[in-house]
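# Working through the structure, step by step
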Amino acid sequence: MNFQDLPYLPAGEYSKRVAYFSMEFAIDQCLKIYGGGLGFLSGSHMRSAYELKQNLIGIGILWKYGYYDQNRNSDQTLRVDFIEKNYTFLEDTGIVIDVHIFDNPHVKVKVYKLNPETFQTVPVYLLSTDIPENDYLSRTITYRLYDDNELTRVAQSIVLGQGGAKLVELLGGADVYHLNEGHALPAFTYLYGKATNKEAIRAKFVFTTHTPEKAGNEEHSLDLLKKINFFPGWTDDEIEKITHQTPGVVNYTLAALRLAKKANAVSKLHGIVARQMWEGFEGICEIDHITNAQSLTYWGDAPIQAALANKDYEAIVSRKKELKNELFRVVADQTGKLFDPDVITIVWARRFAAYKRPDLLFWNLDRFMALLENKKYPVQIIWAGKPYPTDYRAIDIFNQIVYLTRHLPNACILTGYELELSRILKNGTDVWLNTPRKLREASGTSGMTAAMNGAVNFSINDGWMVEFGQHRKNCYLIPDTTAPGIVDIQDREDFENLYKVLEEELLPDFYEGKGQWKEVMMNSMTDVLKYFISDRMADEYYKKLYHFNPEKDLNQDSSKKKKTRRAT
């Protein structure tokens, strides 16, 4: 049976009904219901599901104030603003659902729909508690994405998970319930609690884990979750089964791994890390990997893609100069600086977090200033990105860069890092810099969309780069540290290695490489299209996750291993 509001007959291989739950979706600049990479990923997934004619719908939340609006104080430092958002292009479905939170069994959840024709996605249903039928506190549940109040944050999960699952039931149910990260765990707990056949309902659950960061693996007090009605219909013994190695605490990721039939990490390396991270815990499902990807339809610049198809390097260079000038107009407008389109431009832009090390370039300030003053190989550097609004360490790094670059003519930091600015930066830059501490970046996708449009990745060999990167052939890789996990040594070595590659290879290749830069850029653009396009990813989710049959697939795998042992 198909979801009735799909604008097409689903393709045969994608006929299973899938409900895809995500806390955020980055679908278009004007729909501000996303914070960062998780949203960029889910937005591309919804576009590819539409293009492949998959029987899939999205379930999210209509955030009244979005994530936040990133602006500047009078001294140009970062200012966090929460501005109400209104959308006339969303359909009011007329559906209102009750969810039970604390002692209120009738928190009202109104359902809006993003129709497929609006942005060429599958239908995405967005839930809101901001309606007159609710009391004030209930209305605030869907005000801010990732609210930092713990009770509100848990209530948001119940609205998304329990409310979303009840909506899917009204739409006729699903064959698969997919949690894109653990935020919507109450979808699993609600459906499991009311099911008479527990194993049959678990066979419909799949889960994607996105990060090895502790902050990304949400956990809360078991007592709190019981009081807030996180486990409707559950017995104490059933709760004990998913919490017995973390007494008194519910870890969303661990609980999802124990309830799902199968899970996936988001890159090959992250799969290894995730399996090691959770291997000591009993009763978890298999963790496969499906590497993240991005939508070429949305992110690819049409003239650049046409030139690439014709292998017309000169046309790509000409178009890149146009796109550089578009980026530099933004730079001039925000900072009063006029950048030169003939000078190599390096961009560091993504969510601001300490482990991503936006400050690695100026770990040694003298070396950084020498780079900026280099007359033989001049450079221009741009930072951009949003810290979490109460991540004061990351905000402090952002403001350090404001002060550091204020009077420098060839370095700056931009505000307003959302879909549109992200596109302008990726289209306009020559180099896309990525500097996380290795093994802490599950995948990363910004470098994929930069590569689509002629930006060359300069990166720590982490996340997706392990599957893509070939040093000086399609990117520039920063050699691995000799002291992984020892932060001071790792930062010093990564800094030294970064500058060694930059000064001895990347900059000479750009300015006097006699075709080396052309080869790297063209290989990068070609290679990223081979595997890191979200149509491949959306297809793999059906093949590796949604169609997974635990008994059949595990028996086949066991049979293959026995044959291999006999053959050897």
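Turning to the overall build of the protein, a few remarks are in order. For the protein, the helix and strand inventory stands at 22 helices and 19 strands. For 568 residues, the compact-globule estimate of 2.2 N^0.38 gives 24 Å, and the protein sits close to it at 24 Å. In terms of overall dimensions, the protein has C-alpha extents of about 75 × 70 × 50 Å along its principal axes. Scored against the burial criterion, the 568 residues of the protein give a buried share of 60%.

On to the sheet that holds strand E7 (residues 124-128), then. One open sheet holds the 9 strands; their spatial order is E5-E6-E7-E2-E1-E8-E9-E12-E13, and the pairing between them is mixed. Two strands in the sheet have a free side with no partner beyond their single neighbour: strand E5 (91-101) and strand E13 (286-289). Ignoring which end each strand starts from, the neighbouring axes of this sheet average 25° apart. Note that strand E8 (residues 176-180) and strand E9 (residues 205-208) share 4 bridges and pair parallel. Counted as the bridge partner of tyrosine 177 is phenylalanine 205 from E9. Each of E9, strand E12 (262-265) and E13 is contacted by helix H9 (residues 252-259), which is oriented at about 145° to E9, the strand it contacts most.

Mean pLDDT over the protein works out to 95, with 96% of the residues at or above the 70 mark. In the model, residues 564-568 has pLDDT below 50 throughout and makes 0 contacts with residues more than four positions away in sequence or in other chains.

With that settled, consider the sheet that holds strand E14 (residues 344-349). Spatially, the 6 strands line up as an open sheet ordered E16-E15-E14-E17-E18-E19, and their pairing is parallel. One side of each edge strand has no neighbouring strand; the edge strands of this open sheet are strand E16 (411-414) and strand E19 (476-478). Going across the sheet, the axis of each strand differs from the next one's by a mean of 20°, ignoring polarity. Relative to E19, strand E18 (residues 456-460) runs parallel, the two sharing 3 bridges. Looking across to E19, one finds that serine 459 is bridged to leucine 477. Contacting strand E15 (379-384) and E16, helix H15 (residues 392-405) runs over the sheet at an angle of about 140° to E16.

So, about the packing of helix H5 (residues 185-194) against H9. Two numbers describe a pair of packed helices, the interaxial angle and the distance between the axes. Interaxial distance between H5 and H9 falls to 10 Å at its minimum, and their mutual angle equals 45°. Considering the angle they form, H5 stands oblique to H9. In the crossing of H5 with H9, the sense of the turn from one axis to the other is left-handed. Each of Leu185, Phe188, Thr189 and Tyr192 in H5 lies in contact with H9, whose residues at this interface are Tyr252, Ala255, Ala256 and Leu259. A breakdown of the residues in the contact of H5 with H9 according to their chemical character gives 7 nonpolar, 1 polar and no charged.

Here we come to the pattern of salt bridges. Summed over all chains, the structure comprises 37 salt bridges. Aspartate 236 serves as the salt-bridge partner of lysine 226, at 3.8 Å between the closest nitrogen and oxygen. Here aspartate 236 lies in helix H8 (residues 236-243) and lysine 226 lies in helix H7 (residues 222-227), a separation of 10 residues in the sequence. The exposure class assigned to lysine 226 is partly exposed, which follows from its relative accessible area of 41%. In this structure aspartate 236 comes out as exposed when scored by relative accessible area, which is 58%. One salt bridge connects lysine 543 with aspartate 539, and the closest N-O pair in it is separated by 3.0 Å.

Before going further, it helps to spend a moment on the environment of isoleucine 59. On the secondary structure map, isoleucine 59 appears in strand E2 (residues 56-61). For isoleucine 59, a relative accessible area of 0% translates into the label buried. Along the primary structure isoleucine 59 and leucine 160 are separated by 101 residues, whereas in three dimensions their C-alpha atoms are 7.4 Å apart. Each residue touching isoleucine 59, except ones within four places of it in the same chain, is listed here: Tyr20, Phe21, Ser22, Phe25, Tyr125, Leu127, Leu160, Gly164, Leu167 and Val168.

Before going further, it helps to spend a moment on the environment of tyrosine 476. With respect to the helices and strands, tyrosine 476 occurs in strand E19. When its relative accessible area of 0% is taken as the criterion, tyrosine 476 is described as buried. Separated by 44 residues in the primary sequence, tyrosine 476 and valine 520 place their C-alpha atoms 8.7 Å from one another. Residues in contact with tyrosine 476, not counting those within four places in the same chain, are Val456, Asn457, Phe458, Ser459, His471, Val501, Glu505, Leu506, Asp509, Gln516, Trp517 and Val520.

Okay, helix H4 (residues 150-170) next. The end-to-end C-alpha distance of H4, which contains 21 residues, comes to 30 Å, matching closely the 30 Å that a straight helix rising 1.5 Å per residue would cover. Most of H4 sits out of view: 16 of its 21 residues are buried. A positive phi of about 110° marks glycine 172, the residue just after H4.

Burial along strand E17 (residues 431-434) is two-sided: Val431 and Leu433 and Trp432 and Asn434, pointing in opposite directions, are all buried. As defined by bridge partners, E14 adjoins E17 across 2 bridges and the pair is classed as parallel. Within E17, the residue paired with valine 347 across the bridge is tryptophan 432. In terms of strand pairing, E17 meets E18 through 4 bridges, oriented parallel. Bridge pairing in E18 links asparagine 434 to serine 459. Assessed by its sense of winding, the connection that carries the chain from E17 through helix H17 (residues 446-452) to E18 is right-handed.

If you look at the biggest cluster of nonpolar residues, it comprises 147 residues, and the most contacted ones within it are Ile381, Trp383, Phe458 and Tyr546. With residues near it in sequence (within four places) discarded, tyrosine 546 still touches Lys16, Val18, Tyr20, His45, Leu56, Val176, His178, Val206, Lys261 and Tyr541.

Definitions and limits used
Every chain begins its residue count from 1, and numbering advances along the sequence as written. It should be noted that, the model being predicted, local features are given only for residues of pLDDT at least 70 and side-chain atom pairs only at 80 or more, the latter also being counted only at that level, while totals for whole chains, interfaces and linings use all residues. Side-chain measures were taken over the full set of non-hydrogen atoms in the model, leaving aside hydrogen atoms and water. Numbering of helices and strands runs from the N terminus; a helix is a DSSP stretch of H or I covering at least four residues, while a strand is a stretch of E covering at least two. Values of the radius of gyration come from C-alpha atoms, whereas the globule rule sets the reference at 2.2 Å times the count of residues to the power 0.38. The classification of residues rests on relative accessible area computed with a 1.4 Å probe and restricted to protein chains. Under 20% of the type maximum is buried, over 50% is exposed, and intermediate values are partly exposed. Any two strands are treated as partners once DSSP identifies two or more bridges connecting them. Here, axes are lines fitted to C-alpha atoms. For helices the fit covers the stretch in contact, and angles between N-to-C directions go from 0 to 180 degrees. Every residue pair with non-hydrogen atoms within 4.5 Å of one another is taken to be in contact. Confidence scores labelled pLDDT are given residue by residue by the predictor and lie between 0 and 100. If an angle is under 35 degrees, it is roughly parallel; if it is over 145, roughly antiparallel; if it lies from 65 to 115, roughly perpendicular; otherwise it is oblique. Two helices that cross are described as forming a left-handed crossing if the nearer one is turned anticlockwise from the farther one by less than a right angle, and a right-handed crossing if clockwise. Side-chain classes follow a simple rule in which Ala, Val, Leu, Ile, Met, Phe, Trp, Tyr, Cys and Pro form the nonpolar group, Asp, Glu, Lys and Arg form the charged group, and the remainder, Gly included, forms the polar group. Salt bridge, as used here: a side-chain nitrogen of Lys or Arg that lies within 4 Å of a carboxyl oxygen of Asp or Glu. What a helix is expected to span follows from its residue count: subtract one and scale by 1.5 Å. Note on handedness: a crossover is taken as right-handed if, strands pointing away from the viewer, the path from the first strand over the helix to the second is clockwise. Definition of nonpolar core: a set of buried residues of the types Ala, Val, Leu, Ile, Met, Phe, Trp, Tyr and Cys, connected through side-chain atoms within 4.5 Å.

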